[in-house]
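Residues per chain are reported as follows:
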Amino acid sequence: MRFIKLTTAALALGMTAGVSQADDLRFTVWTGSEAHLSMLNEFADGFKATHPNTNITFETIPFADYVQKISLQIGGGNPPDMGWMLEGTAPTFIQSNILADVSDTLQATANYNFEDLSPSAMGLWQKDDAVYGVPFSTSPFVIFYNQSLLDAAGLDNPNELHAKGEWTWGALRDMADTLADAEQGIYGFETMDGQGYDGRVWEVLVPLVRSYGGDVWQGDTCTLNSATAVEAVQVYHDMIFKDQSAVPPGEMGDFFNGKAALTYTQISRASKLDEADFDWGIAPMPSGKAGSAPIIGQAAVVVFKDSPNRALAEEFLAYMTNEAGVARMAEFFPPARASVLGSDAFLNSNSRLTPSAMRIVANEINNGSVMPSHVNMPVIKSATRGTFDKLWKADADIEAVFTEACSRINKQLTRK
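Read on for a plain summary of the structure. What you see is a predicted model; the values in this text were computed from it and never measured. Position labels on residues start from 1 in each chain and follow its written sequence. Two thresholds apply to this predicted model, a pLDDT of at least 70 for residue-level local features and 80 or more for giving and counting side-chain atom pairs, whereas whole-chain, interface and lining totals are computed over all residues. Each side-chain value is derived from all of the structure's non-hydrogen atoms; neither hydrogens nor water enter the calculation.

### A short note on the packing of helix α16 (residues 377–389) against helix α17 (residues 398–413)
Alright, step 1. Orientation of α16 relative to α17, taken along the N-to-C sense of each, is 165°, at an axis distance of 9 Å. When the axis of α16 is compared with that of α17, the two are roughly antiparallel. Our pair here, α16 against α17, has a crossing hand that is right-handed. Residues V379, I380, A383, T384, T387 and F388 of α16 pack against V401, F402, E404, A405, R408, I409, Q412 and L413 of α17.
Alright, step 2. Amino acid classes used here: Ala, Val, Leu, Ile, Met, Phe, Trp, Tyr, Cys and Pro are nonpolar; Asp, Glu, Lys and Arg are charged; the rest, including Gly, are polar. Here the residues of the contact of α16 with α17 are counted per class, giving nine nonpolar, three polar and two charged. Each axis is a line fitted through C-alpha atoms, and for a helix only the stretch in contact is used; angles between axes span 0 to 180 degrees, taken between their N-to-C directions. We count a stretch as a helix when DSSP gives it H or I for four or more residues in a row; a strand needs E for two or more, and each element gets its number in order from the N terminus. Our angle categories are set so that under 35 degrees counts as roughly parallel, over 145 as roughly antiparallel, 65 to 115 as roughly perpendicular, and the remainder as oblique. By the definition used in this description, the sense in which the near helix is turned from the far one sets the handedness, with an anticlockwise turn below a right angle giving left-handed and a clockwise turn giving right-handed. Contacts were defined at the residue level, with two residues in contact if any of their heavy atoms lie within 4.5 Å.

See the structure below:
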């Protein structure tokens, strides 16, 4: 675990009066990126103007351990003051009465313009008139590709295939197979953040299954063992074990170091390419048999109800997510504010991506859907972790594995 101590502050737009006594806020995040932490430092400097005696500690917890560790902190009576929260765990934390209702603070903050927040983006974070978080990132999954490898192989890139209506999972599989080079230690495809067999296994399964017309569940019934879901995941399974083009479990094939030709992730990872010695680009996610099914990963800034500095934490949340704050964060995290997403400033907000690339991001947001979420999502993920491990064997029976997973998921879908 990494700790970065920052002196706090935040963009001086619409803030209420400063706090006179010294206070410390502990803010949990799952990023260790120097670029992201530098941006947080900017917010710290801004908030300092109206809160000169406040200190904020940004505590980095690895993504795979994030929910478990903050749950342990809360259960142990030592909750963070505020932090990042994924959409998949929002229902659980809201129902458990762990998150603070920040609606009064947001409505009382001058020039906050709450109505500018997209209603669809706020859907998971509002219950009646209560607001339990504000999305700072409504970031779609996009394909990252190594243009230099594609040029050397004489292949069209994913955007060129997309323009011809030919960018499918089948096309991605063929491309990965062509570009894989065992002698050079280069794989054709890497899972999201290289964590597709553990912390990001849902991010592997859901895009495939939805693009083939399936989903993990419908209502209170798991549908992961449907024929369409099995067929979809078989495509990726074959990439690992038949084509040997995808990075297999236990191996490393880092796209950002040129060791994989394709991956998919979110644009916040583009900062990892600052020192890349190859040309690269981004493209929409491929289509499946049911067409395009973009996936949006969402995360919000929340305040924990039992924070000893709750009022101050709510002020910092309002500061970070006002229009100026969201516009600043748009370099890494696509916004939930309509005024920012639809602006020329957004298209030019990321120095690493061209306006045409940012237009891809905006289109995927406008047409995408969030990852599955449920009040029992942490238990669902824990209960299926060992089951999904069985997928990543050459002789795996995908339907049988998914049937076992559904038996576990169904128990949680119907448990109130």
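### So, the state of the cysteines
Alright, step 1. Two cysteine sulfurs form what is called a disulfide whenever their separation falls within 2.5 Å. Enumeration according to the criterion identifies one disulfide in this entry.
Alright, step 2. Residue pairing for C222: its cysteine sulfur links by disulfide to C406, the two sulfurs lying 2.1 Å apart. Residues C222 and C406 are joined by a disulfide whose S-S torsion is about -60°; by sign, that bridge is left-handed. Here C222, found in strand β11 (residues 221–222), pairs with C406, found in helix α17; they are 184 residues apart in sequence, far enough to count as distant. Per residue, the accessibility class of C222 equals that of C406, and both read buried. Burial classes: relative accessible area under 20% of the type maximum marks a residue as buried, over 50% as exposed, and values in between as partly exposed (1.4 Å probe, protein chains only).

### Description of the layout of surface pockets
Alright, step 1. With a 1 Å grid laid over protein atoms only, a set of points is called a cavity when a 1.4 Å probe fits there but cannot get out and a pocket when it is open yet has protein on both sides within 12 Å along at least five of seven lines; lining residues have an atom within 4 Å of a point. Grid points are joined across faces, edges and corners, and a volume is the space filled by probe spheres set on the points. By volume, the second largest pocket amounts to about 250 Å³.
Alright, step 2. Lining the second largest pocket are 17 residues; nearest its centre among them are S118, S120, A121, T138 and I365.
Alright, step 3. Elements supplying a minimum of two residues to the lining of the second largest pocket: α5 (119–122), β14 (295–303), α13 (338–341) and α15 (355–367).
Alright, step 4. Among the residues making up the lining of the second largest pocket, the classes are represented as nine nonpolar, seven polar and one charged.

### Observations regarding empty space enclosed by the protein
Alright, step 1. Evaluation of the coordinates by the stated rule reveals one cavity of 30 Å³ or more.
Alright, step 2. Forming the walls of the largest cavity are W169, F189, T191, V204, L208, Y236 and Y264.
Alright, step 3. Here the residues of the lining of the largest cavity sort into six nonpolar, one polar and no charged.

### Looking at the packing of helix α1 (residues 34–48) against helix α11 (residues 310–320)
Alright, step 1. As a packed pair, α1 and α11 sit with axes 11 Å apart at the nearest point and diverge in direction by 115°. The handedness of the crossing between α1 and α11 comes out as right-handed. Residues L40, F43, G46 and F47 of α1 touch α11, and the partners they reach there are L312, E315, F316, Y319 and M320.
Alright, step 2. Of the residues contributing to the contact of α1 with α11, the split by class is seven nonpolar, one polar and one charged.

### Quick notes on the pairing of β14
Alright, step 1. Burial analysis of β14 places nine of its nine residues in the buried class, which makes it a mostly covered element.
Alright, step 2. Residues I295, G297, A299, V301 and V303 line one face of β14 and the alternating positions I296, Q298, A300 and V302 line the opposite face, and both faces are buried.
Alright, step 3. Strands were regarded as paired on the criterion that DSSP finds at least two bridges between them. Taken together, the five bridges between strand β4 (residues 82–86) and β14 define a ladder with antiparallel strand orientation. Across the sheet, M85 pairs through a bridge with A300, a residue of β14.
Alright, step 4. Note that β14 and strand β15 (residues 369–370) share two bridges and pair parallel. Looking at the pairing, I296 lines up with V370 of β15.

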